[in-house]
Structure formats: C-alpha cells, structure tokens
Amino acid sequence: MKHVFRSGVDPDAPTLLMLHGTGGNEKDLLPLARILSPDSAVLSPLGNVRENGMPRFFRRLAEGVFDEEDLLFRTKELKEFIDESAEKYELDRKQVVAVGYSNGANIAGSLLFHYPGVLCAAILHHPMVPRRGVALPDLSDVPVFIGAGRNDPICAPSETDELQRLLESAGASVHVHWEHAGHQLTRAEVEAASRWLRDTFKTV
Ligand code: MLT
C-alpha cells in the first residue's frame, strides 16, 4: 500500500498506524499522530479503494452499508501491510496502535474483529460496527478508546453502544468519550484520546 513512514525517537513508544477517513489520504492524520505521541514511529497508509475518486479503505454499497466481501479482503490486505512494514522498518510487531477516523476507524475495528494480536490497542474516532454475527477473537489485553458524537448522523449513539458491548464481550477494556457534536473530530476529542493514550502507555 502507498504510505508514509516516520521513524520514532523513542523505541519503547508504540507505533501509531494512522487510518484516514473517506476522501482523505496518507498525510491527513500525521499532525494528529504528532499530538498523540510525538516520539512514536508512524505508519500511515493510503486506502486502496476509490469512491468517485475519494480514497477509502474498503468498498461500501451505500452510506453505512459495507461491502462485506471487500471489507474482508481489504482487512487482510491491511493486516499483511502491517506485518510487512514491521519487518521492513524493524518495528515491534506487538506494539502497534491503530488510530482511525470514520472509514479508517471502521477498518481498524475490522482488524480487531478478525485478527487476534494484530493491534495492541486502538483509538477509534467515530467508528461503526464493522460486521455483525461473527465471533470475535479474545481481546482481553486490548484497550480501546472510542470517540463519538451525540449528534453524529453517520454513527448513531446506539451503534457506538453496540460496538462497545461487542468489544467488551470479547474482553477488551473500552473507554467511550462522548462529545455534543456530529461526525467531525473535535479538539476536545483529540485531547481526550491523547490523555487516554498517555494513561494506557507510560512510554507516550
Ligand atoms: C464508512 O463508510 O466507513 C462510514 O460510512 C464512514 C464514512 O466513511 O463515511
């Protein structure tokens, strides 16, 4: 996958895997990575799917209706990209934290749903439930931050609650941060994610 890689200053800080939203690109979330953990290595791929020219990480059939076959194919593709990049850039494969926004949060959620051990933690800004009716792997040592908006027209609060329940039932410790906002990523949400990351990883 086309991507940006920035090496880290502190080898003990987790690598941040930055996953952009629909219409974004591999450079969009680099400033966010710097706010969250300035000393971390950063791996930021560009989604391989195009929707009317807009990059995404997997196809959808309509707003909020995912193409499940493509979601599974692209989730595997991203997992393999992380594995290959960890070797190429000599990253600690056990210390990769996904940070996704919207479509990027949805493929990060899909990684958690399908591949045990692929991520050691995740920050999901405005995620949806990536897939229903599947057994999740054991996520008992995976902390997850979810940022959500009470007035988000794309991810209804009930969907955030459902995602929290699914992740918790697989053993994940989930922290949900609510904003009185819509689908946008607010400064306050970024600050909450940053505090959560510092509390979760003493090396950040
Ligand atoms: C998605 O398709 O992943 C979600 O609807 C979020 C979005 O990209 O708009």
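In this text, all values refer to a predicted model and were calculated from it rather than measured experimentally. Here the residue numbering is sequential within each chain, running from 1 through the sequence in written order. With pLDDT at 70 or above as the cut-off, local features in this predicted model cover only qualifying residues; side-chain atom pairs require 80 or more to be listed or tallied, and sums for whole chains, interfaces and linings still use all residues. Computation of side-chain values covers all heavy atoms of the structure but excludes hydrogens and water.

**Q** Explain the UniProt feature "domain: Dienelactone hydrolase" (unreviewed entry) in the protein chain here, please?
**A** Those residues carrying the UniProt feature "domain: Dienelactone hydrolase" (unreviewed entry) are residues 78-187 in this numbering. Secondary structure within residues 78-187 divides into 34% helix and 23% strand; the distance between the first and last C-alpha atoms comes to 28 Å. UniProt positions are given in the numbering used here, feature names are shortened, and annotations may be inferred rather than shown by experiment. Elements are defined by DSSP. Helices are runs of H or I of four residues or more, strands are runs of E of two residues or more, and each kind is numbered from the N terminus.

**Q** Where do I start with the pattern of salt bridges in this structure?
**A** Side-chain pairs of opposite charge can arise where the charged atoms are in close proximity. Salt bridges are defined by distance alone: a side-chain nitrogen of Lys or Arg within 4 Å of a carboxyl oxygen of Asp or Glu. The final tally for this structure, using the stated rule, is 14 salt bridges. Linking Arg60 and Glu51 is a salt bridge whose minimum nitrogen-to-oxygen distance equals 2.8 Å. Arg60 gets classed as partly exposed once you look at its relative accessible area, which sits at 22%. Note that Lys79 is salt-bridged to Asp83, the shortest N-O span being 2.6 Å. One end of the pair is Lys79 and the other is Asp83, both in helix α2 (residues 68-88) and four residues apart, which spans about a single turn. Categorising residues by exposure relies on relative accessible area from a 1.4 Å probe, with only protein chains included: less than 20% of the type maximum marks a residue as buried, more than 50% marks it as exposed, and the intermediate range marks it as partly exposed. Relative accessible area serves as the criterion here: at 22%, Lys79 is assigned to the partly exposed category. Bridged by salt links that share partners, the residues Glu51, Arg56, Arg60 and Glu63 form one connected network.

**Q** Just to check I follow, could you spell out the environment of Phe145 for this structure?
**A** Counting through the fold element by element, Phe145 comes out in strand β10 (residues 143-149). Assessed through its relative accessible area of 0%, Phe145 is described here as buried. Separated by 43 residues in the primary sequence, Phe145 and Ser102 place their C-alpha atoms 14 Å from one another. Throughout, a contact is declared for two residues whenever any of their heavy atoms are within 4.5 Å. Dropping the residues within four chain positions of it, Phe145 is found in contact with Ala122, Ile123, Leu124, His125, His175, His177, Glu189, Ala192, Ala193 and Trp196.

**Q** In this structure, what is going on with the site of the ligand? I would like to understand it.
**A** The near set for a molecule or strand comprises every residue that places at least one heavy atom within 4 Å of it. Around the ligand lies a shell formed by Thr22, Arg56, Phe58, Arg60, Glu63, Gly64, Phe66, Ser102, Asn103, Asn106, Met128 and Ile154. Asn103 is positioned such that a nitrogen or oxygen atom in its side chain is 2.9 Å from an oxygen atom of the ligand. Asn106 is positioned with one of its side-chain polar atoms (N or O) 2.8 Å from an oxygen atom of the ligand. Computed by Shrake-Rupley with a 1.4 Å probe, the accessible areas treat only the displayed protein chains as cover when residues are assessed. Against a free-state accessible area of 260 Å², the protein chains account for coverage of 96% of the ligand. Residue classes follow a fixed rule: Ala, Val, Leu, Ile, Met, Phe, Trp, Tyr, Cys and Pro count as nonpolar, while Asp, Glu, Lys and Arg count as charged, and any other residue, Gly among them, counts as polar. The residue inventory of the shell around the ligand, partitioned by class, reads four nonpolar, five polar and three charged. Between N or O atoms, a polar contact is any pair within 3.5 Å; within protein, one atom must be a potential hydrogen donor and the other a potential acceptor, and residues adjacent in sequence are included only when both atoms are from side chains.

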